[in-house]
Amino acid sequence: MTAQLSGTTALVTGGTSGIGRATAVALAGLGAHVVLSGRDATRGAEVVERIRAAGGKADFVAADLTDAASARALAARAREVGGQVDVLVNNAGVFPFGPTGSATEEEFDGVFATNVKAAFFLVAELAPEMAERGHGSIVNVSTMVAKIGLAGMALYGASKASLELLTKAWAAEFGPSGVRVNAVSPGPTRTEGTAAMGDALDQLASAAPAGRAASPEEIASAIAFLAAEGSSFVHGAVLPVDGGRVAV
Ligand code: NAP
């Protein structure tokens, strides 16, 4: 049987850690040539090595995603390294938590720059090419706190709520040309990025029916489902992968 993504190239941002790394491994396992990006070249090389050791195809491209220029430059490098990009996973993200009164303008701009602006311009760069070819799949990584208001998560949640609206608008814009755009909305997930939360992660997770935090692999398998053809009739969906938190 041919692997679902064989012959395709997938760009995974934030592929050096946590959910992005698990996604890179999952998509490579489905046969994609994975181009993973992040800032940390050492961690990037480790992920590439892991995928290649398992018989997959992967390359790392260093990128600090903070503006349109860095997003466009990453898209250009991904094309050089992997050829046409068929799958884009907008996963790179920052999530500083804290009271609104303590947030600086610099923090505000930084959160929106990575979580919204870079994703926007990666899509602006890559989706029209996918549309011209008549196929492609884009998966944005949101969060359950884009749907529910939690104290300390106003800025982060607002940035991901923007990404969820963009998911629907892009589904309308590019879907008629064969490009599916969807999102996953994870709940608390044990990653390097949430390690510093300690017990607070488990407390947050305990409010959901599943009652526990997710592994990065549990989020990645939902991303892989949306990326591949098994979800061929799914457009503009935001799939909660949150142990049931926003359902109850
Ligand atoms: P993580 O372990 O902190 O990893 C974040 C990734 O994003 C890293 O690969 C990092 O790359 C990359 N990144 C951050 N800032 C960047 C920048 N300026 N330029 C380029 N890359 C950048 O995070 P995670 O927990 O896996 O989260 C991944 C995504 O899932 C995020 O969008 C997050 O909002 C979302 N999410 C996470 C949870 C959770 O509980 N973990 C829940 C809901 C949603 P480098 O370190 O190499 O730069």
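What counts, and where the lines are drawn
- Residues numbered from 1 in each chain as written.
- Predicted model: local features only at pLDDT ≥ 70, side-chain atom pairs only at ≥ 80, totals over all residues.
- Heavy atoms only, no water.
- Helix = DSSP H or I, 4+ residues; strand = E, 2+ residues; numbered from the N terminus.
- Rg over C-alpha atoms; globule rule 2.2 N^0.38 Å.
- Buried < 20%, exposed > 50% of the residue type's maximum accessible area, 1.4 Å probe, protein only.
- Contact = heavy atoms within 4.5 Å.
- Areas by Shrake-Rupley, 256 points an atom, 1.4 Å probe, with all protein chains shown as cover.
- Lys, Arg positive; Asp, Glu negative; His and termini not counted.
- Charge placed at Lys NZ, Arg CZ, Asp CG, Glu CD.
- Pairing = 2+ DSSP bridges.
- Right-handed = clockwise from strand over helix to strand, strands pointing away.

1. Topic: the overall build of the chain
Phase 1 of the analysis: Looking only at helices and strands, the chain has seven helices and seven strands in total.
Phase 2 of the analysis: For 248 residues, the compact-globule formula gives about 18 Å, and the C-alpha radius of gyration of the chain, at 17 Å, lands near that figure.
Phase 3 of the analysis: Principal axes of the C-alpha set define a box for the chain whose edges measure 45 × 35 × 35 Å.
Phase 4 of the analysis: Burial status across the chain gives 49% buried among its 248 residues.
Phase 5 of the analysis: For the chain, the proportion of contacts with a sequence separation of at least 24, taken over those separated by at least 6, is 74%.
Phase 6 of the analysis: For the chain, the exposed area adds up to about 10,800 Å²; of that, 56% sits on carbon and sulfur atoms.
Phase 7 of the analysis: Measuring between centres, the 18 positive side-chain charges of the chain sit 4 Å from its 24 negative side-chain charges.

2. Regarding the pairing of strand β5 (residues 136-141)
Phase 1 of the analysis: Taking burial as the measure, the six residues of β5 include six buried ones, the bulk of the element.
Phase 2 of the analysis: Of the two faces of β5, the one holding Gly136, Ile138 and Asn140 and the one holding Ser137, Val139 and Val141 are both buried throughout.
Phase 3 of the analysis: Pairing of strand β4 (residues 87-90) with β5 involves four bridges; the strand directions are parallel. Across the sheet, the residue bridging to Val89 is Val139, located in β5.
Phase 4 of the analysis: Chirality of the crossover, the property in question, places the unit of β4, helix α4 (residues 105-133) and β5 among those that are right-handed.
Phase 5 of the analysis: Both β5 and strand β6 (residues 179-186) contribute to a ladder of six bridges, which runs parallel.

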